[in-house]
Amino acid sequence: MSTVRIEPLLHHSPLRHTSLDRARGFLFSPSSLNLRCHFASKKLHSIGRSIASVSSLGYLISEQRGRRSVAAIRASSSDTAVVETTSRSEDDDVIFKQNFPVERIDKAEGKIYVRLKQGKEDNWELSVGCSLPGKWILHWGVSYVGDTGSEWDQPPEDMRPPGSVAIKDYAIETPLGKLSEGDSFHEVTINLNLESSVAALNFVLKDEETGAWYQHKGRDFKVPLLDDVPDDGNLIGSKKGFGALGNLSNIVVKPDEPSADVLEKGKSSSGSTTTKERKGLEEFYEEMPISKHVAGDNSVSVTARKCPETSKNIVSIETDLSGDVTVHWGVCKNGSKKWEIPAEPYPEETSLFKNKALRTRLQRKDDGDGSFGLFSLDGELEGLCFVLKLNESTWLNNRGEDFYVPFLTSTSLPAESEAAQVSEKTPKTNQEVSESGFTDEIITEIRNLAIDISSHKNQKTNVKEVQVNILQEIEKLAAEAYSIFRSTTPTFTPESVLEAEVEEPEIKISSGTGTGFEILCQGFNWESHKSGRWYQELQEKADELASLGFTVLWLPPPTESVSPEGYMPKDLYNLNSRYGTIDELKETVKKFHKVGIKVLGDAVLNHRCAHFKNSNGVWNLFGGRLNWDDRAVVADDPHFQGRGNKSSGDNFHAAPNIDHSQDFVRKDIKEWLCWMREEVGYDGWRLDFVRGFWGGYVKDYMDASKPYFAVGEYWDSLSYTYGEMDYNQDAHRQRIVDWINATSGAAGAFDVTTKGILHTVLQKCEYWRLSDPQGKPPGVVGWWPSRAVTFIENHDTGSTQGHWRFPGGKEMQGYAYILTHPGTPAVFFDHIYSDYRSEIASLLSLRNRQKLHCRSEVNIVKSERDVYAAIIDEKVAMKIGPGHYEPPSGSQNWSVAVEGRDYKVWETS
């Protein structure tokens, strides 16, 4: 038997990289041969005159006279690896093979530029551009001569570029266009009207892909067109002496509601004063750095083989992730998925992590496109568990679970079936993943450290330094655990939530669900305040609404408000509003209680209108019983000069955003909510604009006021690509689920995701969108149904506002969907008192009769281009769309309960 060395074999063989290697997406290099359990040197004993190359799993693939054979490498007593060639399929020894998609967020950096230049015939042009890809929108307005404060107004008509859209009466939105095909730069140019009384142009830049808004130093960009425009630190223009303007901050604003004190401005005005002040106008060009987070799609490919000679499990992990990738791993045995450390030897560049796991840095591929690694593990082990670590704050896992590689025997099911079985058997929730991995060990360490602090306190010596060190260690451990938790996508898997909910009692009253059988009626529209006696009008409808089957009524905001609709609250303890007096409100609540209907108050907690100006002329001082000063206003609100902490959410554009991190603010709000419960008799809350503050504060408020039912309005944009709605809306519903989770489930949330998907489904006849890739409903109702409040219209989206009106003539298809599916359905007041009344009444009766509830089980049986059909709790069947569907005949006797235009609902008799 002759001996050959591996290195010349690899470097000189014309078949060094086989087709098998290329199929796996990487080229194997000599430096990656770290399978110490298979061979201890680089010598090989070969049989015959075959030309061999090393595969990615510790085998030699040889090409001999047109025939492929596999040579197993085994250890020998002479410090060599013996190669025995046998004719076998390269997949004979595969026990697991799967490609896992992973999502990560990359940071892209670019620039925003602003250019003012003089065009032809003394015309001036202002251009705003961005070098990053995206769907960029310029959200802008102007300040006129004589304006005070930071409020915007709309510009003259002749300054608005084509494609501009008016946002109420205070702003314009104009899309940026590409400078040329294939160019990453986007730009918009505004032709300035210098004959008007415009003193300055204000703007922020919005990226519709991410929903982020970019401002300058926490304020609007401001381009002065006159010499005497006040400088608030946000002026743009070289003539003002500004150089580089520093970093931008991401601020999200809500442009849907106008400031209550916006004044009408003239379209244009000219005069000597304006002309004189513009003499100093100069051309300039300025750039500012910008960064955005972009989702990147990558994958992790895992293949496991059973070595027939040594019975070792050989695992190949390959990924196209860039940069250094570390595998944080452990093994499983004895029927448990608890991580354990295997016996040596380990792959190169492996280190021990706190005696709980191993960390192995993957090796870079030759072409630099990703990395890979090989792991040789004992044949008696049951599996390999791992997560990927990119850096100290970025961890990747398998959609909330550890990556799991089962070591099954070659006589088991095929790889695809095994993968499916593994998917069913893997842990269902993040908590279980944590327990099966290593985060539970972190929790144990934190507890032990806390005990250490307690023990040191009992000592008489000065141990302050020791305690500080312990606290710092706790902080590090907590940060590591949190980074692992935040890497989970989605935070709640559909299976985990459904499994947890099945274990709950059938009827359990909690603020996030009520009894679970609630049906909500929105008891007003955008015009209801105009009657001046809305509370009295509702009292007259109480018996009627109760007979229809509603269990909860949502009333409009009750407080004194700058806007008549109530959403710009001022004095929270003044409950005399445009809807009626406080006494009429109390009578209305009592009336609905008599007919068995609970009542929700509309609580606007994110913002509050001030009573007084500060020394700078900014409205941020409050009066009434809650006479807060500017410490109650968040510091990063760009318009109201707050002295509080930074906002815990997104800023609302039109009023001071309240800082809920202040103890005195939370104390006052909790007292107010409890007073409303006792004084008025409210049973719960509809919470306005909850994007503006952390859900943990909501939990605090719910714990204090103990509502029967609570629901938050978390409304932001769905995902679109070039104007077309994306099929996958997981990122959108994830944001809503994250907010609900932050409240610890103490409040539900309106299922904006489902409403948006229904829009596209009905407008384009694309009913296939109503089933997600897992065969579940694609909205929040598919992930956390008990906390999803489904709706098709409300006072903002419909009524006379019409911000996002449901497709006309198709409303009953929407109600056929939400009134038969899980979640808590909400019906809009305008629809109850319309031509749809009798059909809605029939669906309400069906839901109550069949006892459908927020956790009902949905079986989607058809989701095609022109029809969607589902069976709910095995006792209600429904279909929407022009296509055909009939429930299956069999042991169940189906009869038609309700039908109308393009929808039909059956029930079992």
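### Some thoughts on the overall build of the protein
So, point 1. Across its full length, the protein holds 19 helices and 44 strands.
So, point 2. Expressed as a percentage of its 909 residues, the buried residues of the protein come to 55%.
So, point 3. At a minimum sequence separation of 6, the contacts of the protein that also span at least 24 residues come to 68%.
So, point 4. Accessible area of the protein: about 38400 Å², with a carbon and sulfur share of 47%.

### Observations concerning the packing of aromatic side chains
So, point 1. In this structure the tally under the stated criterion is 25 aromatic pairs.
So, point 2. Relative to W768, the ring of Y727 lies with its centre 5.7 Å away and its plane at 45 degrees, an arrangement referred to as tilted. Within this pair, whereas Y727 is found in the loop between β36 (724-725) and α14 (730-742), its partner W768 is found in the loop between α15 (752-764) and α16 (780-783), the two being separated by 41 residues in sequence.
So, point 3. The exposure class of W768 is partly exposed, given its relative accessible area of 32%.
So, point 4. With a centroid separation of 5.9 Å and 80 degrees between ring planes, the pair formed by Y885 and W906 is classed as edge-to-face. Of this pair, Y885 sits in the loop between β42 (876-880) and β43 (894-900) while W906 sits in strand β44 (residues 903-908), placing them 21 residues apart in sequence.

### So, the sheet that holds strand β33 (residues 684-687)
Think of a sheet as strands paired side by side through backbone hydrogen bonds, with each pair either parallel or antiparallel.
So, point 1. Spatially, the eight strands close up into a barrel ordered β28-β29-β30-β33-β34-β37-β38-β39, and their pairing is parallel. Averaged over neighbouring strand pairs, the angle between their axes works out to 30 degrees when direction is ignored.
So, point 2. Inspection of the sheet shows strand β38 (residues 788-790) paired to strand β39 (residues 824-828) by two bridges, in the parallel sense. Residue pairing for β39: T790 is matched across the bridge by P825.

### Section: the pattern of salt bridges
So, point 1. Taken as a whole and assessed by the stated rule, the structure comprises 34 salt bridges.
So, point 2. Note that K365 and E318 form a salt bridge whose closest N and O atoms lie 2.8 Å from each other. Of this pair, K365 sits in the loop between β23 (363-364) and β24 (371-377) while E318 sits in strand β19 (residues 313-319); the two residues are 47 residues apart in sequence, bridging distant segments of the chain.
So, point 3. On the accessibility criterion, K365 (7% relative accessible area) is buried.
So, point 4. Residue classification places E318 among the buried positions, given a relative accessible area of 8%.
So, point 5. Between K755 and E793 there is a salt bridge, and its shortest N-O distance comes to 3.1 Å. Here E793 lies in the loop between β38 and α17 (811-818) and K755 lies in helix α15, a separation of 38 residues in the sequence.

### As for the sheet that holds strand β40 (residues 858-863)
So, point 1. Spatial strand order, β40-β41-β42-β44-β43: five strands in an open sheet with antiparallel pairing. Strand pairing shows two members of the sheet lacking a second neighbour, β40 and β43, which therefore form its edges. Averaged over all pairs of adjacent strands, the angle between strand axes in this sheet comes to 15 degrees, irrespective of strand direction.
So, point 2. Here β42 runs beside β44; their pairing, made up of five bridges, is antiparallel. Following the sheet pairing, K879 is matched in β44 by K904.

### Considering the confidence of the model for the protein
So, point 1. Here the protein averages 78 in pLDDT, and 73% of its residues register 70 or above.
So, point 2. Every residue in residues 1-88 is under pLDDT 50, and counting partners more than four places away or in other chains gives 197 contacts.

### Digging into the environment of S311
So, point 1. Mapping S311 onto the fold places it in the loop between β18 (284-306) and β19.
So, point 2. Residue classification places S311 among the partly exposed positions, given a relative accessible area of 42%.
So, point 3. The sequence separation of S311 and D378 amounts to 67 residues, and the corresponding C-alpha distance is 7.7 Å.
So, point 4. Every residue in contact with S311, bar those within four places of it in the chain, is listed here: K306 and G379.

### Focus: the pairing of β43
In regular strands, side chains alternate between the two faces of the sheet.
So, point 1. Relative to β44, β43 runs antiparallel, the two being bridged by six bridges. Paired with S895 across the bridge in β44 is E907.
So, point 2. The antiparallel hairpin formed by β43 and β44 contains two residues in its connecting segment, where D902 sits at a positive phi of about 60 degrees.

### Things to note about the pairing of strand β9 (residues 136-144)
So, point 1. The element β9 is largely enclosed, with a buried count of nine among its nine residues.
So, point 2. Judged from the nine bridges that link them, β9 and strand β14 (residues 198-207) form a sheet pairing that is antiparallel. Looking at β14, one finds that I137 is bridged to K206.
So, point 3. As paired elements, β9 and strand β11 (residues 171-175) share four bridges and run antiparallel to each other. Within β11, the position partnered with H139 by the bridge is E173.

### With respect to a negative patch on the surface
So, point 1. A surface patch of negative charge is lined by D320, D366, D367 and D369.
So, point 2. In this fold, D369 is placed in the loop between β23 and β24.

### Details of the nonpolar core
So, point 1. Ranked by internal contacts, the top residues of the largest apolar core, which has 115 residues, are L545, F550, W672, L770, Y815, Y868 and I880.
So, point 2. For this core, the element with the highest residue contribution is helix α12 (residues 663-679), accounting for six residues.
So, point 3. When sequence neighbours within four positions are dropped, the list of residues in contact with L545 reads C521, F550, L553, F592, I597, I832 and Y833.
So, point 4. Residues L205, L225, I236 and F284 belong to the second largest nonpolar core, which totals 34 residues.

### A look at α17
Note that an α-helix has 3.6 residues per turn; residues three or four places apart therefore point the same way.
So, point 1. Within α17, eight of the eight residues are buried, which leaves it mostly tucked inside the rest of the structure.
So, point 2. Every buried residue of α17 is listed here: E811, M812, Q813, G814, Y815, A816, Y817 and I818.

### Topic: the side chain of N606
So, point 1. Relative to the helices and strands, N606 is located in the loop between β30 (598-603) and β31 (612-613).
So, point 2. Look at N606 and you get buried, because its relative accessible area is 0%.
So, point 3. Within the structure, N606 has its side chain in polar contact with the side chain of H607 (distance 3.1 Å).
So, point 4. Polar side-chain contacts of N606 include one of 3.2 Å to the side chain of N657.
So, point 5. Leave out the neighbours within four places in its chain, and N606 touches D650, F652, P656, N657, I658, H660, D688, F689, G692 and F693.

### Describing the packing of α12 against helix α13 (residues 695-705)
So, point 1. Look at α12 against α13: their axes get within 9 Å of each other, and the N-to-C directions meet at 40 degrees. Viewed along their axes, α12 and α13 adopt a mutual orientation that is oblique. As α12 runs across α13, the sense of the crossing is right-handed. Here R666, I669, K670, L673, C674 and R677 of α12 come into contact with α13, specifically with Y697, D700, Y701, A704 and S705.
So, point 2. When its residues are assigned to classes, the contact of α12 with α13 shows six nonpolar, one polar and four charged.

### Some thoughts on the environment of L390
So, point 1. Here L390 lies in strand β25 (residues 383-391).
So, point 2. Its relative accessible area of 19% is what places L390 among the buried residues.
So, point 3. Expressed as a C-alpha distance, the spacing of L390 and T326, which sit 64 residues apart in the sequence, is 6.4 Å.
So, point 4. Excluding residues that lie within four positions of it along the chain, L390 makes contacts with R104, L321, D324, V325 and L396.

Conventions adopted
Residues numbered from 1 in each chain as written. Predicted model: local features only at pLDDT ≥ 70, side-chain atom pairs only at ≥ 80, totals over all residues. Heavy atoms only, no water. Helix = DSSP H or I, 4+ residues; strand = E, 2+ residues; numbered from the N terminus. Buried < 20%, exposed > 50% of the residue type's maximum accessible area, 1.4 Å probe, protein only. Contact = heavy atoms within 4.5 Å. Areas by Shrake-Rupley, 256 points an atom, 1.4 Å probe, with all protein chains shown as cover. Phe/Tyr/Trp six-rings, centres within 6.5 Å; stacked < 30°, edge-to-face > 60°. Pairing = 2+ DSSP bridges. Axes fitted to C-alpha atoms, helices over the stretch in contact; angles between N-to-C directions. Salt bridge = Lys/Arg side-chain N within 4 Å of Asp/Glu carboxyl O. pLDDT = per-residue confidence, 0-100. Patch = residues over 30% accessible without salt bridge, like charges linked within 9 Å, V, L, I, M, F, W, Y side chains within 5 Å. Lys, Arg positive; Asp, Glu negative; His and termini not counted. Charge placed at Lys NZ, Arg CZ, Asp CG, Glu CD. Core = buried A, V, L, I, M, F, W, Y, C linked by side-chain atoms within 4.5 Å. Polar contact = N/O pair within 3.5 Å; in protein donor to acceptor, adjacent residues only side chain to side chain. Parallel < 35°, antiparallel > 145°, perpendicular 65-115°, else oblique. Left-handed = near helix turned anticlockwise from the far one by under 90°. Nonpolar A, V, L, I, M, F, W, Y, C, P; charged D, E, K, R; others polar.

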